[in-house]
Amino acid sequence: MNAAVDSKVYKENRLKAGLLPDYMPEHVAVIMDGNGRWAKKQGFLTRIKGHEVGVDALRKITTASAELGLNYLTVYAFSTENWNRPKAEVDALMNILMGALEKELPILLANNVKLKAIGNIHALPSKANKKLMSVMDATSGNDGLTLTLALSYGSQEELVHAFRKVAAEVAAGTLKPEEISEDHIERNLFTAGMPNPDLLIRTSGEQRISNYLLWQLAYAEFYFTPVLWPDFDADGFYEAIATFQKRERRFGQTSEQLTAK
Ligand code: FPP
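Residues numbered from 1 in each chain as written. Predicted model: local features only at pLDDT ≥ 70, side-chain atom pairs only at ≥ 80, totals over all residues. Heavy atoms only, no water.

K.L.:
Go over the overall build of the chain with me, naming the residues and quoting the values.
P.N.:
Assigned secondary structure in the chain consists of nine helices and six strands. Relative to the globule expectation of 18 Å for 261 residues, the C-alpha radius of gyration of the chain, 19 Å, shows essentially globular dimensions. For the chain, the spread of C-alpha atoms along the principal axes amounts to about 70 × 55 × 35 Å. Going through the 261 residues of the chain one by one, you find that 44% of them count as buried. Long-range contacts, defined here as pairs at least 24 residues apart, represent 77% of the contacts in the chain between residues at least 6 apart. Here the chain has roughly 13600 Å² of accessible surface; of this, 54% comes from carbon and sulfur atoms. In the chain, which carries 30 positive and 32 negative side-chain charges, the distance between the mean positions of the two groups comes to 5 Å. (Helix = DSSP H or I, 4+ residues; strand = E, 2+ residues; numbered from the N terminus. Rg over C-alpha atoms; globule rule 2.2 N^0.38 Å. Buried < 20%, exposed > 50% of the residue type's maximum accessible area, 1.4 Å probe, protein only. Contact = heavy atoms within 4.5 Å. Areas by Shrake-Rupley, 256 points an atom, 1.4 Å probe, with all protein chains shown as cover. Lys, Arg positive; Asp, Glu negative; His and termini not counted. Charge placed at Lys NZ, Arg CZ, Asp CG, Glu CD.)

Below you can see the structure in the form of structure tokens.
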């Protein structure tokens, strides 16, 4: 190993060892942003290379999450708004998705990772949809980390879909409007059955949530980093978790109430 690699591994291990095992987030959500800017900065003529290298970053973060024993990692891979990008980029992203699903399956299996998807996945090209289903099926018996890809996902659309389901129950007379609770909404979201994220990470310096998990992020801690997604690695991930571990999550209570417990 050369000295640079040596010192990177040393830093990574030190950061990892410094994390508090009893205060790990159960669910981390990620907005993987900055692929296009990364490609431009590196001098590539198109943005596609950024998405390709973005897959490597996703692998690193998935492996790090599995090693830390996290239960859920949910990543924004393609938004409903991303369909409006130039056709060449949308096509390239769909090809990258299919290639990644093919190539990463053995790694998901080796790390006991279950793959899931949220979003309007029927809108994906049928080949990509089929590939996705086959990898979800192949990993369905894994009981370690659940990696969820948000694909053709938009949170407002998800909420409309959930409200329609609840409204249909009201219309059918099986639910009274005054009986509608948070639980009724939650069980009709794509994320039904998953705990809400404890931590949201967004790369690339942007500080907004871009129609991502609007309901589910109600009490999440937000962590923004200027690092562009293709450069994000286990180091950066451990730093985000270390920051999360220093935050006091009050859920509306006072600091004194929490320390008295
Ligand atoms: C945002 O960067 C990223 C995306 C729209 C796509 C995310 C996709 C990957 C990380 C590839 C791996 C994932 C799968 C499984 C397909 P951007 O293009 O908006 O970057 P910019 O803000 O710098 O333009």
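K.L.:
How would you sum up the site of the ligand? Please name residues and give values.
P.N.:
Every one of the 14 residues lining the ligand counts as a neighbour, but D33, G36, R37, R47 and R85 are closest to it. Here N35 contributes a backbone N or O atom positioned 3.1 Å from an oxygen atom of the ligand. Measuring from an oxygen atom of the ligand, one finds a backbone N or O atom of G36 at 3.0 Å. When the ligand is considered free in solution it has 620 Å² of accessible area, and contact with the protein chains removes 90% of it. Those elements that place two or more of their residues in the shell around the ligand are α2 (35–41) and α3 (48–68). Per element, the largest residue contribution to the shell around the ligand is three residues, and it comes from α2. The class makeup of the residues in the shell around the ligand is five nonpolar, five polar and four charged. (Near = heavy atom within 4 Å. Polar contact = N/O pair within 3.5 Å; in protein donor to acceptor, adjacent residues only side chain to side chain. Nonpolar A, V, L, I, M, F, W, Y, C, P; charged D, E, K, R; others polar.)

K.L.:
Hey, could you go over the packing of aromatic side chains for me, with residue numbers and the actual values?
P.N.:
Under the counting rule described, the total for this entry stands at nine aromatic pairs. Both rings, one in F78 and one in W83, keep their centres 4.7 Å apart while their planes meet at 70 degrees; by these two values the pair is edge-to-face. The buried category is assigned to F78, whose relative accessible area is 2%. For W83, a relative accessible area of 28% corresponds to the partly exposed category. Taken together through their ring pairs, the aromatic side chains of Y76, Y153, F190 and Y212 make up a single cluster. (Phe/Tyr/Trp six-rings, centres within 6.5 Å; stacked < 30°, edge-to-face > 60°.)

K.L.:
Now, about the packing of α3 against helix α4 (residues 87–110): what can you tell me, with residues and values included?
P.N.:
At a minimum axis separation of 10 Å, α3 and α4 run at an interaxial angle of 30 degrees. Here α4 runs roughly parallel to α3, going by the angle between their axes. Between α3 and α4 lies a crossing of right-handed hand. Of the residues in α4, those touching α3 at I48, H51, E52, V55, R59 and T62 are E89, A92, L93, I96, A100, K103, E104, I107 and L108. Grouping the constituent residues of the contact of α3 with α4 by class yields eight nonpolar, two polar and five charged. (Axes fitted to C-alpha atoms, helices over the stretch in contact; angles between N-to-C directions. Parallel < 35°, antiparallel > 145°, perpendicular 65-115°, else oblique. Left-handed = near helix turned anticlockwise from the far one by under 90°.)

K.L.:
Can you lay out the sheet that holds strand β4 (residues 146–153) for me, pointing to particular residues and giving the numbers?
P.N.:
Spatially, β3-β4-β2-β1-β5-β6 is the arrangement adopted by the six strands of the open sheet, whose pairing is parallel. This sheet does not close on itself; its edge strands, each paired only once, are β3 (114–118) and β6 (221–224). Adjacent strand axes in the sheet meet at a mean angle of 20 degrees when their direction is disregarded. Helix α5 (residues 126–138) rests against β3 and β4 of the sheet, and its axis sits at about 140 degrees to β3. (Pairing = 2+ DSSP bridges.)

K.L.:
Please set out the pattern of salt bridges residue by residue, giving values where relevant.
P.N.:
Counted under the stated rule, the structure contains 14 salt bridges. Where R47 meets E89, a salt bridge forms, and the shortest distance between an N and an O atom there is 2.8 Å. With a gap of 42 residues between them, R47 in the loop between α2 and α3 and E89 in helix α4 connect regions that are remote in the sequence. Looking at R47, the relative accessible area reads 34%, which means it is partly exposed. (Salt bridge = Lys/Arg side-chain N within 4 Å of Asp/Glu carboxyl O.)

K.L.:
I'd love a proper account of α5, names of residues and values included.
P.N.:
For α5, with 13 residues, the first-to-last C-alpha span of 18 Å sits near the 18 Å given by 1.5 Å per residue. Structurally, α5 contributes buried residues whose contacts are with α4, β3 and β4. (Expected span 1.5 Å × (residues − 1).)

K.L.:
Explain the nonpolar core to me, and be specific about the residues and the numbers.
P.N.:
Nonpolar side chains in soluble globular proteins tend to be buried together. Core analysis: the largest hydrophobic core is formed by 44 residues, its most contacted members being L115, L132, L149, I201 and F237. Taken together, the elements giving at least two residues each to this core come down to β1 (27–31), α3, β2 (72–79), α4, α5, β4, β5 (199–202) and α8 (234–246). The biggest single contributor to this core is α4, with seven residues. The contact partners of L149, leaving out residues within four places of it in the chain, are L58, V75, L97, L101, L115, K116, A117, I118 and L132. Within the second largest apolar cluster, 11 residues are counted, among which are A29, Y76, I118 and L200. (Core = buried A, V, L, I, M, F, W, Y, C linked by side-chain atoms within 4.5 Å.)

K.L.:
Outline the environment of T225, listing residues and values.
P.N.:
In this structure, T225 sits in the loop between β6 and α8. Taking the C-alpha atoms as reference points, T225 and S140, 85 residues apart in sequence, are found 33 Å from one another. Dropping the residues within four chain positions of it, T225 is found in contact with R202, T203, S204, G205 and F232. In terms of polar contacts, T225 uses its side chain to reach the backbone amide nitrogen of V227, at 3.2 Å.

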